[in-house]
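Structural overview for review
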Amino acid sequence: MVSAKLLALAGLVSLAVAYVEDQYDAGNGVHVPGPYDPLEHRLAFAGPGAMTVSWSTFEHLEDVYVHYGSDPLNLDKVAGGGTSTTYPTSRTWQNHVELTGLTPGSTVYYQVVNTNCFACSYQPTYSFKVALSKGDMTPFTMAVFSDLGLMGQDGLYTLEGKSYTRPLGSNETNTIQSLIAHKDSFDWMLHPGDIGYADYFIKESVAGVFGPNNTKPTMEQVTKRYESMNEQFFDQMTPLSANKPWMVAPGNHEANCDNGLSGYGDSYCVVGQTNFTGYIEHWRMPQQKSHKTNNFWYSFDYGMAHFVSLDTETDLGHGLQGPIQNISTNHNGPFGGLNEQVDWLVEDLKSVDRTVTPWLIVQLHRPWYTQVSPPTWPAWQEAFEKIFFDYGVDVYVQGHVHTYERIGPIFNGTVDPNGLNNPRAPLMLLVGNAGHYDGLDTFSVPNNYTGFGDDTGFGWGRMTFDNCSSLSWEFRNASNSQVIDSISLFKEHAGCVDLPKNTTVTPSCPSGTSTTSPSSPSVTRRAHTYTSKARRAQDADKAVEEAKRALKRAEEDAEKAKRDLANSETTAGSKRAKEFVY
């Protein structure tokens, strides 16, 4: 058998020749050194004490395994039995291995098969943190962003370029760069859809990015460049995704090679670039653990929180039409049976024990509240909003609109009067401004429910779970990584005994406005909240005192019973004595 090293060397030569000849790959930055070189590492939680490690290669792997351990210099364990699959049009194979039996909260170091093999590029030993066990109240932080596209030559330019409404300045960093610079400040990443924007090749071609204006690319060009742009994006994300679990939801730009952007629709896409194929193949979300396949809806636990990921594009149930489900230019889904996603969601939320995982967080792609052309009672709102309210969802995170907005807490168009201090309604976070070729949207419809909004810059957020009653949120402008909005959300969860770390509302305010004053209604609500906690504590003290009194009564009754028993025995003994004498 020819050794893997010789195969790698032969592949290196053949690929080098092929890609030099292919003008659509010349100079685009894709890392293609050899057929077995592991590229585009990705991580995803796979249930309690488990992690899925995924990566791409330019050839099929017969043996798919990962070396790992607690010591970076001694990777003494091996996880095998992985899969290596591809799909029509893909130039790479997607490899997936599940590591199980990991210690919750521990750090694991790993290398996938063929790391630093002959003719392969050097790669470091990567590491990740295993999810905290369900019910662990240790604080943790996650990065949150959506609608993040390829940066650089073929996408949103790293420096000044051709994005429509907001090119980056010469001294600004993009969102990927900002995330990398702050990667030690969060444990993992939440990404509610629109991942990479490979489907923008047609739109960019027509706009003249790759040649004269109004140039319609051929289907062959689209086929090649769509995959090339995907590869570039995953390469750019590797410094993050090789070390931080990346939990994703489907967005409309994962659907096909065009998504109707340029009037061509999926009729211009070949098999392999339709019906979310790339999204399905690249990821392994924890679907087996939540009774679903294909990464479209799933749930998982991390410490004190239960997380749910949903699909707004298809499978809305009860006769509702998904926005890109089998319409004239988009033939997608369904990916489950009749009402399956909605029925699954209800059962999943019913099963959550809020005394174990008090926080309940949802990610899904499309919003229903926004200052940018807000939809009127869209199908995805009809499908999900009341369920969120009925089952006490604390926060839901969305994208699709390319702005940042912190909305509510809100339900059915009405802002919760408690604000951020123990609201009944969920808080909504719209984080669709991570950045891509199109730039940003512009606020056009003012409302009374947006607490803070920004349509001028790209950015990302950090959500920290402080304890069972306090959650902190901050949003950063990616260009300089400065915090532009920050709040704390306080919720009275069942069985929670922690007082909030800080329930004072402290949003960053535009010039000329002020934060909450000491005499504001929110302070009164906080005082009421603390009073109710104090009353609960007093009730608990009363219960303890009552239990002590009951115990004392029981002890007294026991003593009386003992005396009665002794007396009865004495009487009986005297009687027997008398009988003996006589």
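Since we're looking at a predicted model, the values are computed, not measured. (Residues numbered from 1 in each chain as written. Predicted model: local features only at pLDDT ≥ 70, side-chain atom pairs only at ≥ 80, totals over all residues. Heavy atoms only, no water.)

This next bit is on the overall build of the protein chain. From N to C terminus, the protein chain includes eight helices and 25 strands. When burial is assessed residue by residue, the protein chain has 55% of its 582 residues classed as buried. Sequence separation of at least 24 residues holds for 72% of the intrachain contacts in the protein chain that already meet a minimum separation of 6. Surface summary for the protein chain: the accessible area is close to 24,100 Å², and the carbon and sulfur share equals 54%. (Helix = DSSP H or I, 4+ residues; strand = E, 2+ residues; numbered from the N terminus. Buried < 20%, exposed > 50% of the residue type's maximum accessible area, 1.4 Å probe, protein only. Contact = heavy atoms within 4.5 Å. Areas by Shrake-Rupley, 256 points an atom, 1.4 Å probe, with all protein chains shown as cover.)

So, about the packing of aromatic side chains. Counted under the stated rule, the structure contains 37 aromatic pairs. A centroid spacing of 5.8 Å and a plane angle of 65 degrees characterise the contact between Phe-186 and Trp-460, whose relative ring orientation is edge-to-face. On the criterion of sequence distance, the pair formed by Phe-186 in the loop between α2 (175–181) and β11 (188–191) and Trp-460 in strand β23 (residues 459–465) is long-range, its members being 274 residues apart. For the pair formed by Phe-186 and Trp-460, the shared burial category is buried. Both rings, one in Tyr-404 and one in Phe-475, keep their centres 3.9 Å apart while their planes meet at 5 degrees; by these two values the pair is stacked. Linking Tyr-404 in strand β18 (residues 404–407) with Phe-475 in strand β24 (residues 470–477), this pair joins segments that are 71 residues apart in sequence. In this pair, the class of Tyr-404 matches that of Phe-475, namely buried. By the ring-pair criterion, three or more aromatic residues cluster together here, those being Phe-45, Phe-140, Trp-188, Tyr-298, Phe-300, Tyr-302, Phe-307, Trp-359 and Phe-465. Sitting over the ring of Phe-234, Arg-42 keeps its end group 5.3 Å from the ring centre. Lying across the ring of Phe-186, Lys-244 places its NZ or CZ 5.5 Å from the centre. (Phe/Tyr/Trp six-rings, centres within 6.5 Å; stacked < 30°, edge-to-face > 60°. Lys NZ or Arg CZ within 6 Å of the ring centre and 35° of its normal.)

We now examine unusual backbone geometry. Excluding glycine, most residues fall at negative phi; most peptide bonds, likewise, are trans. A cis amide bond links Gly-333 to the next residue, Pro-334, at an omega of -5 degrees. Mapped onto the elements of the fold, Pro-334 is located in the loop between β15 (305–309) and α6 (340–350). Here the residue pair Gly-408 and Pro-409 is connected by a cis peptide bond, since its omega of 15 degrees sits within 30 degrees of zero. Residue position: Pro-409 is located in the loop between β18 and β19 (410–411). Phi at Glu-40 is positive, roughly 55 degrees, even though this residue is not glycine. Overall, the relative accessible area of 2% leaves Glu-40 in the buried class.

Two elements in contact, α6 and helix α7 (residues 379–390), have axes separated by 11 Å at closest approach and are oriented at 10 degrees. As far as their axial angle goes, α7 and α6 are roughly parallel. The segment α6 lies against α7, with Gln-341, Val-342, Leu-345, Val-346 and Leu-349 engaging Ala-383, Phe-384, Ile-387 and Phe-388. Of the residues that constitute the contact of α6 with α7, the class distribution is eight nonpolar, one polar and no charged. (Axes fitted to C-alpha atoms, helices over the stretch in contact; angles between N-to-C directions. Parallel < 35°, antiparallel > 145°, perpendicular 65-115°, else oblique. Nonpolar A, V, L, I, M, F, W, Y, C, P; charged D, E, K, R; others polar.)

Right, let's talk about the pattern of salt bridges for a bit. Opposite charge on two side chains lets them pair, provided their charged atoms get close. By the definition in use, this model includes 14 salt bridges. A salt bridge links Asp-438 to Lys-203; its shortest N-O distance comes to 2.8 Å. Of this pair, Asp-438 sits in the loop between β21 (427–431) and β22 (450–454) while Lys-203 sits in helix α3 (residues 201–206), and the two are 235 residues apart along the sequence. For the pair Asp-438 and Lys-203, one class covers both residues: buried. Note that Arg-462 is salt-bridged to Glu-474, the shortest N-O span being 2.8 Å. Residue Arg-462 is located in strand β23, and its partner Glu-474 is located in strand β24; the two are separated by twelve residues in the primary sequence. Given the relative accessible area of 15%, Glu-474 is considered buried. Here the residues in one salt-bridge network are Arg-354, Asp-394 and Lys-491, joined through shared partners. (Salt bridge = Lys/Arg side-chain N within 4 Å of Asp/Glu carboxyl O.)

Confidence in the prediction of the protein chain, expressed as mean pLDDT, is 83, and 77% of residues score 70 or more. Note that pLDDT drops below 50 for residues 1–24; the model gives that stretch 29 contacts with residues more than four away or on any other chain. Overall, residues 570–582 carries pLDDT values under 50, and its contacts beyond four positions in sequence, including any with other chains, amount to zero contacts. (pLDDT = per-residue confidence, 0-100.)

This next bit is on the nonpolar core. The nonpolar side chains of soluble globular proteins are, as a tendency, buried together. In terms of nonpolar packing, the biggest core is built from 126 residues, with Met-463 and Phe-465 touching the most fellow members. Ranked by residue count, the leading element in this core is helix α4 (residues 219–241), at seven residues. Aside from chain neighbours lying at most four places away, what touches Phe-465 is Pro-139, Phe-140, Met-142, Met-304, Ala-305, Phe-307, Trp-359, Ile-361, Ser-470 and Leu-471. (Core = buried A, V, L, I, M, F, W, Y, C linked by side-chain atoms within 4.5 Å.)

The next subject is empty space enclosed by the protein. Counting across every chain of the model gives two cavities of 30 Å³ or more. Forming the boundary of the largest cavity are Ile-195, Tyr-197, Ala-198, Tyr-226, Asn-230, Phe-234, His-253, Glu-254, Gly-278, Tyr-279, His-282 and Trp-283. Looking at the lining of the largest cavity, the elements that each hand over two or more residues are α4 and α5 (277–282). Residues belonging to the lining of the largest cavity are distributed by class as follows: seven nonpolar, four polar and one charged. Considering only enclosed or pocket space, the second largest cavity measures out at about 30 Å³ in volume. Lining the second largest cavity are Glu-40, Tyr-87, Ser-90, Thr-92, Gln-94, Glu-227, Asn-230, Glu-231 and His-282. Counting residues per element, the lining of the second largest cavity draws most heavily on α4, at three residues. (1 Å grid on protein atoms, 1.4 Å probe; cavity = no way out; pocket = protein on both sides within 12 Å on 5 of 7 lines; lining within 4 Å. Points joined across faces, edges and corners; volume = space filled by probe spheres on them.)

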